[in-house]
Amino acid sequence: MVSERLIPMADAPPAHPVVTRFAPSPTGYLHIGGARTALFNWLYARGRGGRFLLRIEDTDRERSTPEATAAILHGLTWLGLDWDGEAVSQFARKNRHAEVAHEMLARKAAYKCFSTKEEIDGQKKAASEDGFAPFRSPWRDIDPSDYPDRPFVIRMKAPREGRTVVKDAVQGDVTIRNSDLDDMIVLRSDGTPVYMLAVVVDDHDMGVTHVIRGDDHLTNAARQQMVYDAMGWTVPVWAHIPLIHGPDGKKLSKRHGAVGLGDYQAMGYPAAGMRNYLTRLGWSHGDEEIFTSAQAMAWFDLSGIGRAPARLDFKKLENVCGRHMAMAEDAALLQELQAYLAAAGQPALSADQAGALHRALYCLKDRAKTFPELIEMAHFVLSARPIVPDDASAGALDTVSRGILHSLTPQLQSASWTREALEVILSAAAAANGLGFGKIAAPLRAALAGRTVTPSVYDMMLVIGRDETVARLRDAAD
RNA sequence: GGCCCGUUCGUCUAUCGGUUAGGACACCAGGUUUUCAACCUGGGAAGAGGGGUUCGACUCCCCUACGGGCUGCCA
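Quantities reported herein were computed from a predicted structural model and do not represent experimental measurements. (Residues numbered from 1 in each chain as written. Chains lettered and ligands numbered in written order. Predicted model: local features only at pLDDT ≥ 70, side-chain atom pairs only at ≥ 80, totals over all residues. Heavy atoms only, no water.)

## Describing the overall build of chain A
Move 1: Along chain A, the regular secondary structure elements total 20 helices and 12 strands.
Move 2: For chain A, whose C-alpha radius of gyration is 31 Å, the value lies well above the compact-globule estimate of 23 Å for 478 residues.
Move 3: Seen through its C-alpha atoms, chain A measures out along the principal axes to roughly 105 × 70 × 35 Å.
Move 4: The proportion of buried residues among the 478 residues of chain A is 46%.
Move 5: The long-range share in chain A, meaning contacts at least 24 apart out of those at least 6 apart in sequence, stands at 75%.
Move 6: Working note: accessible area of chain A is about 23300 Å², and carbon and sulfur atoms make up 52% of it.
Move 7: Within chain A, the 59 negative side-chain charges are centred at a point lying 2 Å from the centre of the 54 positive side-chain charges. (Helix = DSSP H or I, 4+ residues; strand = E, 2+ residues; numbered from the N terminus. Rg over C-alpha atoms; globule rule 2.2 N^0.38 Å. Buried < 20%, exposed > 50% of the residue type's maximum accessible area, 1.4 Å probe, protein only. Contact = heavy atoms within 4.5 Å. Areas by Shrake-Rupley, 256 points an atom, 1.4 Å probe, with all protein chains shown as cover. Lys, Arg positive; Asp, Glu negative; His and termini not counted. Charge placed at Lys NZ, Arg CZ, Asp CG, Glu CD.)

## Overview of the protein's contact with RNA strand B
Move 1: Close contacts around RNA strand B come from 59 residues, with Ser-25, Arg-188, Gly-282, Thr-454 and Tyr-458 the closest.
Move 2: In RNA strand B, atoms within 4 Å of the protein come from the sugar-phosphate backbone in 63% of cases.
Move 3: The side chain of Ser-284 places a nitrogen or oxygen atom 3.1 Å from a phosphate oxygen of RNA strand B.
Move 4: Within the contact set of RNA strand B, a base oxygen lies 3.2 Å away from a side-chain nitrogen or oxygen of Ser-456.
Move 5: For the surface near RNA strand B, the elements supplying multiple residues, two or more each, are strand 7 (172-177), helix 5 (195-205), helix 6 (218-231), strand 12 (310-311), helix 10 (314-327), helix 18 (437-448) and helix 19 (457-464).
Move 6: The element contributing the most residues to the surface near RNA strand B is helix 18, with 4 residues. (Near = heavy atom within 4 Å. Polar contact = N/O pair within 3.5 Å; in protein donor to acceptor, adjacent residues only side chain to side chain.)

## Concerning the sheet that holds strand 8 (residues 185-187)
Move 1: Pairing is antiparallel across the open sheet formed by 3 strands, whose spatial order is 4-5-8. Across the chains shown, the open sheet's two edge strands, defined by having one partner strand only, are strand 4 (110-113) and strand 8. Here the strands of the sheet are splayed against their neighbours by 45° on average, with no regard to which way each runs.
Move 2: In the sheet, strand 4 pairs with strand 5 (residues 153-156) via 4 bridges, with the strands oriented antiparallel. Paired with Cys-113 across the two strands is Val-153, which belongs to strand 5. (Pairing = 2+ DSSP bridges. Axes fitted to C-alpha atoms, helices over the stretch in contact; angles between N-to-C directions.)

## Topic: the sheet that holds strand 1 (residues 19-22)
Move 1: Sheet architecture is open: 3 strands sit in the order 1-2-3, paired in parallel fashion. If you trace the sheet from one side to the other, it starts and ends with strand 1 and strand 3 (88-89), each paired once.
Move 2: Pairing between strand 2 (residues 51-56) and strand 3: 2 bridges, direction parallel. Bridge pairing links Ile-56 to Ser-89 in strand 3.

## Let's talk about the nonpolar core
For soluble globular proteins, nonpolar side chains are generally found buried alongside one another.
Move 1: Leu-357, Leu-364, Phe-380, Val-381, Leu-412 and Leu-426 are the most contacted members of the largest nonpolar core, which has 50 residues in total.
Move 2: The residues touching Leu-426, leaving out its near neighbours within four places in the chain, are Leu-408, Phe-437, Ile-440, Leu-444, Val-457, Tyr-458 and Met-461.
Move 3: Among the nonpolar cores identified, the runner-up in size contains 48 residues, and Leu-39, Ile-72, Leu-76 and Leu-281 belong to it. (Core = buried A, V, L, I, M, F, W, Y, C linked by side-chain atoms within 4.5 Å.)

## Some points on helix 1 (residues 32-46)
Move 1: Compared with the 21 Å implied by 1.5 Å per residue over 15 residues, the 21 Å span of helix 1 between its first and last C-alpha is a close match.
Move 2: Among the 15 residues of helix 1, 14 are classified as buried, and the element is accordingly described as predominantly covered. (Expected span 1.5 Å × (residues − 1).)

## Looking at the environment of Ala-476
Move 1: Along the polypeptide, Ala-476 turns up in helix 20 (residues 466-477).
Move 2: Residues within four places of Ala-476 in sequence aside, it is in contact with Leu-397, Arg-402, Leu-405 and Ala-447.

## Notes on unusual backbone geometry
Move 1: Here the amide bond leading from Arg-385 into Pro-386 is cis, since omega sits at -5°, within 30 degrees of zero.
Move 2: As for its position among the elements, Pro-386 is in the loop between helix 14 (379-382) and helix 15 (391-394).
Move 3: Of note in the backbone geometry, Lys-108 takes a positive phi value of approximately 65° without being a glycine.

## Topic: the packing of aromatic side chains
Move 1: Overall, the coordinates contain 12 aromatic pairs when judged by the stated rule.
Move 2: With a centroid separation of 5.2 Å and an interplanar angle of 55°, the aromatic rings of Phe-114 and Tyr-147 are classed as tilted. In this pair, Phe-114 is assigned in the loop between strand 4 and helix 4 (117-127) and Tyr-147 in the loop between helix 4 and strand 5, connecting sequence segments 33 residues apart.
Move 3: Overall, Phe-114 belongs to the buried group, its relative accessible area being 2%.
Move 4: On the numbers, 5.9 Å between centres and 15° between planes, the contact of Tyr-264 with Phe-314 is stacked. (Phe/Tyr/Trp six-rings, centres within 6.5 Å; stacked < 30°, edge-to-face > 60°.)

## Digging into the packing of helix 11 (residues 330-343) against helix 12 (residues 351-364)
Move 1: One can describe the packing of helix 11 onto helix 12 by two numbers: an axis separation of 9 Å at closest approach and a directional angle of 125°. In this view, helix 11 runs oblique relative to helix 12, as classed from their interaxial angle. The interaxial crossing formed by helix 11 with helix 12 has right-handed handedness. Together, Asp-330, Ala-331, Leu-333, Leu-334, Leu-337 and Gln-338 of helix 11 and Ala-354, Leu-357, His-358, Leu-361 and Tyr-362 of helix 12 make up the contact between the two elements.
Move 2: For the contact of helix 11 with helix 12, the class distribution of residues is 8 nonpolar, 2 polar and 1 charged. (Parallel < 35°, antiparallel > 145°, perpendicular 65-115°, else oblique. Left-handed = near helix turned anticlockwise from the far one by under 90°. Nonpolar A, V, L, I, M, F, W, Y, C, P; charged D, E, K, R; others polar.)

## Comments concerning the environment of Ser-179
Move 1: By the secondary structure assignment, Ser-179 is in the loop between strand 7 and strand 8.
Move 2: Accessibility expressed as a relative area gives 34% for Ser-179, which makes it partly exposed.
Move 3: Taking the C-alpha atoms as reference points, Ser-179 and Gly-162, 17 residues apart in sequence, are found 7.6 Å from one another.
Move 4: Contacts of Ser-179, omitting those with residues within four sequence positions, involve Pro-134, Arg-136 and Arg-160.

## Details of the environment of Gly-465
Move 1: Note on placement: Gly-465 falls in the loop between helix 19 and helix 20.
Move 2: By relative accessible area, which is 16% here, Gly-465 ends up buried.
Move 3: Sequence separation of Gly-465 and Thr-452 is 13 residues, and the distance between their C-alpha atoms is 20 Å.

Here is the structure:
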């Protein structure tokens with residue numbers, strides 16, 4: 001007897017689909033911390049069949065630039081984060097923000113304040129020496145019929161008694177005394193909306209259910225909640241995540257070097273590794289360290305987010321990236337490498353080079369952590385004869401070893417071109433000369449690649465083929 | 001200054017009152033080896049400090065120290 005209510009609900013659509021958003025200001029590059037915030041939002045939504053939206057907070061007309069917007073979009077795309085629908089311009093919605101401000105006025109949840117900057121500063125100084133006291137507008141309870149004909153701002157009529165509790169999924173319940181907060185401005189004297197109003201209106205209108213953002217907004221959440229309350233809107237789930245710090249524990253700044261996501265792309269880190277590392281920075285799922293995005297989506301949850309700021313660790317980043325590179329599919333890896341070359345402004349691969357590299361990837365990808373390393377390791381397959389040995393490898397080509405290379409060519413001409421056959425030949429050659437295999441591997445490496453750091457000599461021979469191998473050996477032996 | 005948040009190996013973290021405080025990166029030693037990467041074995045390495053609560057605290061409470069955030073007609 002199985003009653004219907006015992007049937008698992010896992011496949012049922014959620015009653016309230018998750019909607020998250022990333023809302024950067026287009027005032028510069030995409031900060032690595034912002035990228036992680038975007039990643040968390042993306043994982044949370046995608047892991048729950050929800051929507052992930054993008055909003056460009058471009059209301060600061062002085063500092064916002066289209067170049068910065070483009071950089072953000074490119075950065076997100078590179079990281080592999082796709083958003084639903086078109087990116088929303090916050091500036092384009094300014095009329096709606098003003099409309100809400102006036103609605104608050106009509107509901108008596110806001111009022112016109114005619115105080116000048118000088119009056120405000122003067123009152124704050126009088127209230128406390130250092131001027132940190134919250135401003136108390138004298139216009140808060142003035143009857144609208146007594147309003148003068150002067151410029152004004154619209155301020156929210158915030159409660160002065162009691163407390164506001166921000167129920168945060170990461171930080172827990174954060175309680176703020178209302179007496180510590182002033183009546184924040186929602187509409188400037190020029191009629192433009194202020195950020196604090198715009199976020200709330202946009203998040204509400206866009207149906208955002210979960211606000212995952214940096215914890216520099218934690219205190220703001222209390223004031224924003226007052227707007228939700230004033231408008232009778234449902235407050236979203238808050239999740240304020242700690243910022244990322246530099247290796248020295250200080251707030252990440254340009255002084256630390258790479259702070260923009262683009263810097264990491266330029267350094268040649270694979271996006272999958274970047275995603276994994278950033279996901280793991282400040283979030284955990286038991287002891288899981290290396291995982292795919294599909295796994296991350298399945299596992300990601302708000303309760304796994306830590307409360308302390310995390311520091312960037314390049315060594316670990318490299319390790320994670322190396323493991324992802326080794327896991328990657330050859331075709332996808334080749335494509336990403338080509339994209340890297342294009343982004344780095346380096347010459348594109350020829351069709352022949354791309355084909356040869358594709359065939360060589362199996363013995364290259366588990367030896368590299370970044371694309372520059374992969375390319376260096378692939379020197380033997382990307383270069384054409386004559387192979388010019390670099391200084392380090394040239395040392396292996398002395399008279400004796402050149403003689404050995406020379407003596408090898410006839411045997412290789414007639415060998416069956418398999419790893420087993422090659423092993424037999426090269427081992428025998430080493431033994432015949434009273435040498436360990438390592439001693440003849442060095443000149444072979446020099447002849448085949450012109451480098452000291454390469455894949456296995458067998459792999460190189462198999463990849464470039466018999467004719468090319470013999471030719472390179474002859475080049476080096478002569 | 002006020003308010004708010006945070007603090008476990010060098011780093012990222014596990015632990016959600018009872019563990020020899022676990023894992024990963026990094027580091028050191030050894031092994032394997034064809035250079036590099038990888039891999040195997042072993043090692044050192046942590047609860048900021050001080051008070052409570054409790055039979056028992058990394059875990060709960062308070063204080064201090066340190067770090068961070070907010071306190072804008074910036075976002």
